[in-house]
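# Analysis of the macromolecular model
Chain residues, written in single-letter form:
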Amino acid sequence: MAQHGAPEYDVIIIGGGTSGCVLANRLSEDANVSVLVLEAGEDRSNDERIYTPGLIASTLDNPEFDWQYVAEPAAGMHNRRIKHPRGRVIGGTSAINSFALIYPSAAGINAWAELGNVGWDWTTLAPYYLKFQTIVPPNEEVKKQLNIMHSDEKIRRSNGPIQASFPMQVTGFQKLWVDTFRTLGLDNVSDPLDGHALGGHTSTCHITGDKHERSHAGVAYLDPVRSRTNLTVITNALVRKLMVDQDNPIPVVSGVVYSQDGVLHEVRAKREVILAAGTFNTPQILEISGIGNPDILQQHGIDVVYANPAVGENLQDHIRPGLSFELNDDAPPRSSMPVEEARRLYQENRSGPWAEQGAFAFAYMPLVPFLGPEETQELKTLLDRHLKEGESWSPFIRKRNAFIREVIESADEASAVAFMSRRPPPGVENGNFITLNSMLSHPCSAGSAHISSADPETKPKIDFNYYSHPLDVEIHGRHVQALEKLARTEPLASCIKPGGRRHPNDPAVTIDSAIEFVRNFSTTNYHPCGTCSLGAVVDSRLNVNGVRGLRIVDASIMPIIPRGNMISTVYAVAERAADIISEDLGIRRST
């Protein structure tokens, strides 16, 4: 039974993840505004599996930390099913992800604005990439050897809660990475925060510079303000539905029903509710509350509050194949230190392999520089065939495809983001390998996330439709061929063992073999977004279309997936949203 006399708050935030923690911090700066955060998981920030970089893998597929989503079989990937971990803890996915901070292109964000989303252009959003973080300057040796292009000015201007750090020391393989791109004439010469970076470089990771611990939204944004009397955080709170008052010409979201330990509770919002539940959970909550595609709602016996077939659609992700090569016998192994020794070093003085487990070696990779004249003409023919405008194209598809074509054909834009790892290939348990990965920046394929039941405890049906658009495999296959060229480039080539093991066993020389490789072995880079997009589900002020008193602030609002790892853009969107909401509600803030 629900409680009588439900408590009231000015603002209710659904989700204590990355965006929710940012909003909780910023909106509660005004002591006269009461803020409630409802989080389905627990606060596990003091668990070593979260704060220790070297223990990152222990949180994935663990129900104590992870929602444990699994996507539907993907026909374009030979019906493979891909797991999609999402953080079910305070801090959300920022508390369990893989640390790297990679930035979008100015063109990619401007594409949002060109869809008609006022105030979502690069000039407006760019300052928020500095606002969320404090960049710890690299030491002189790292700066000299590893192609650090973050400008001293940008580092000084960064002053946000999240700490971002560079590698503590130069390693041979990180230097090898940037030197190989220099050989190709593709070493990055632009500050990644300027939106025009291209080529190989060394990134930051959200790891603190002093204690070498994970810096995530829970510890950086929420913990410092938990003592505010106007801020309430309730954990283990599973949202059942939104409370909607339909006695008005436009329905008004007036509160939330949630369960905790088997007991139903109601809370009411005096001003508004903010959905920050993530790409899968946010459309699920909308649909179980009657906002979405009428056919889906009626199928599950849900009364329609507002019909919007766009809810849950436009699901996008970055996927990556990885080419693995066995290294020379004298190459240093990935890690040979026993677990107990690594734990001892980390616990005693935050040193050893567990102190630095992030991926730092990245590259914003254009395709055109890897193609000869004949291949360039083939690419144009391919784009003409697959992106020929159809009469049924919506304005969104028309503009999105035009943007994607411009990126693919440009020598100054990254149609993929590559990174280096030391993972062995699938099915190999021993040996010393290097793996070259390639994330397709802006796929044409899109899927959906919809409820499979009116019961909020039943996971939604998640269908990415990977490689359903024929252009994606063609472009991704060509990027695999670019990775093959990278592996044959010095100084990287000299580190690969002649005649050594590799994956795939045969080089992906022909485009057909490269395409078959990506279909067989591509997997997610854990970047789902787009299911409640700007323009289709929310307006430029992030208000949900068709109702009042409800906004969305999370990765689901991104209409076109940004290149690279998305966590930096999630933080920037949340900081921008906090300013929008504060302005609209008259919230007085100190920053």
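Here, every reference points to the structure presented above.
What this report covers is the structure whose coordinates are included nearby. (Residues numbered from 1 in each chain as written. Predicted model: local features only at pLDDT ≥ 70, side-chain atom pairs only at ≥ 80, totals over all residues. Heavy atoms only, no water.)

## What to know about the overall build of the protein
Looking only at helices and strands, the protein features 16 helices and 26 strands. What you see for the protein is a C-alpha radius of gyration of 23 Å, in line with the 25 Å of a compact globule of 591 residues. Along the first, second and third principal axes, the C-alpha atoms of the protein reach 75 × 65 × 45 Å. Going through the 591 residues of the protein one by one, you find that 60% of them count as buried. As displayed, the protein has an accessible area near 22,600 Å², and 47% of this comes from carbon and sulfur atoms. If you average the places of the 55 positive and of the 70 negative side-chain charges in the protein, the two averages end up 1 Å apart. (Helix = DSSP H or I, 4+ residues; strand = E, 2+ residues; numbered from the N terminus. Rg over C-alpha atoms; globule rule 2.2 N^0.38 Å. Buried < 20%, exposed > 50% of the residue type's maximum accessible area, 1.4 Å probe, protein only. Areas by Shrake-Rupley, 256 points an atom, 1.4 Å probe, with all protein chains shown as cover. Lys, Arg positive; Asp, Glu negative; His and termini not counted. Charge placed at Lys NZ, Arg CZ, Asp CG, Glu CD.)

## A few points about the sheet that holds strand S16 (residues 313–315)
In a beta sheet, neighbouring strands are held together by backbone hydrogen bonds and run either parallel or antiparallel to one another. Spatially, S16-S22-S23 is the arrangement adopted by the three strands of the open sheet, whose pairing is antiparallel. Strands with a single pairing partner mark the edges of an open sheet, and in this sheet they are S16 and strand S23 (461–463). Mean inter-strand twist for the sheet, computed between neighbouring axes without regard to direction, equals 35 degrees. Relative to S23, strand S22 (residues 447–450) is paired through three bridges, and the arrangement is antiparallel. Bridge assignment links Ser 448 to a residue of S23, and that residue is Asp 463. Against the sheet, helix H9 (residues 278–288) engages S16, S22 and S23, with an angle of about 55 degrees to S22. (Pairing = 2+ DSSP bridges. Axes fitted to C-alpha atoms, helices over the stretch in contact; angles between N-to-C directions. Contact = heavy atoms within 4.5 Å.)

## What to know about the pattern of salt bridges
Within this structure, the stated rule accounts for 38 salt bridges. With a shortest N-O distance of 2.3 Å, Lys 154 and Asp 194 are connected by a salt bridge. Of the two residues, Lys 154 is situated in helix H6 (residues 152–157) and Asp 194 in the loop between helix H7 (172–183) and strand S8 (199–202); the sequence distance between them amounts to 40 residues. Arg 344 is paired through a salt bridge with Glu 348; the nearest N and O atoms lie 2.8 Å apart. Placement of both Arg 344 and Glu 348 in helix H11 (residues 339–349) is noted, with a separation of four residues, approximately one turn of the helix. We classify Glu 348 as exposed; its relative accessible area is 54%. Beyond isolated ion pairs, a larger network of salt bridges with shared partners links Arg 26, Glu 29, Lys 131, Glu 575, Asp 579 and Arg 589. (Salt bridge = Lys/Arg side-chain N within 4 Å of Asp/Glu carboxyl O.)

## What to know about the state of the cysteines
Scanning all chains against the criterion turns up zero disulfides. In this structure Cys 532 is a free cysteine whose sulfur lies 11 Å from that of Cys 529, the closest cysteine sulfur available. Take Cys 532: its relative accessible area is 0%, and that puts it in the buried class. (Disulfide = S-S within 2.5 Å.)

## With respect to the side chain of Thr 202
By the element assignment, Thr 202 lies in strand S8. Looking at Thr 202, the relative accessible area reads 2%, which means it is buried. Side-chain polar atoms of Thr 202 contact the backbone oxygen of Leu 146, separated by 2.5 Å. With residues up to four places along the chain from it excluded, the contact list for Thr 202 reads Leu 146, Asn 147, Ile 148, His 150, Phe 166, Pro 167, Val 178 and Phe 360. (Polar contact = N/O pair within 3.5 Å; in protein donor to acceptor, adjacent residues only side chain to side chain.)

## Focus: the packing of aromatic side chains
As enumerated under the stated definition, the model contains 12 aromatic pairs in all. Between Phe 132 and Tyr 571 the ring centres are 4.9 Å apart and the planes differ by 15 degrees, which places this aromatic pair in the stacked class. Pair noted here: Phe 132 is in the loop between helix H4 (122–131) and strand S6 (133–135) and Tyr 571 is in helix H16 (residues 567–585), with a separation of 439 residues, a long-range link. Taking relative accessible area as the criterion, Tyr 571 reaches 0% and is therefore assigned buried. An aromatic cluster is defined as three or more aromatic residues linked by ring pairs; in this entry it consists of Trp 67, Tyr 69, Phe 280, Phe 464 and Tyr 466. Geometry around Trp 67 places Arg 88 over its ring, the cationic atom sitting 4.0 Å from the centre. (Phe/Tyr/Trp six-rings, centres within 6.5 Å; stacked < 30°, edge-to-face > 60°. Lys NZ or Arg CZ within 6 Å of the ring centre and 35° of its normal.)

## Quick word on the pairing of strand S11 (residues 238–245)
Where S11 lies against strand S12 (residues 252–260), seven bridges are found, and the strand directions are antiparallel. Residue pairing for S12: Val 244 is matched across the bridge by Val 253. The loop that links S11 with its antiparallel partner S12 comprises six residues.

## Topic: the sheet that holds strand S19 (residues 361–365)
Taken in spatial order, the six strands of this open sheet run S8-S19-S20-S21-S18-S24, and their pairing is antiparallel. Looking along the sheet, the strands with just one partner apiece sit at the ends: S8 and strand S24 (502–503). With four bridges connecting them, S19 and strand S20 (residues 416–421) associate as antiparallel partners. Counterpart to Met 365 in the pairing with S20 is Ala 416. Lying over the sheet, helix H14 (residues 470–487) contacts strand S18 (322–326), S19, S20, strand S21 (433–440) and S24, oriented at roughly 150 degrees with respect to S21.

## Regarding H14
In a regular helix each residue adds 1.5 Å, so 18 residues correspond to 26 Å; H14 covers 27 Å between its end C-alpha atoms and thus fits that length. Counting buried positions over the 18 residues of H14 gives 15, a clear majority of the element. (Expected span 1.5 Å × (residues − 1).)

All quantities given are derived from atomic positions and should not be read as evidence of function.
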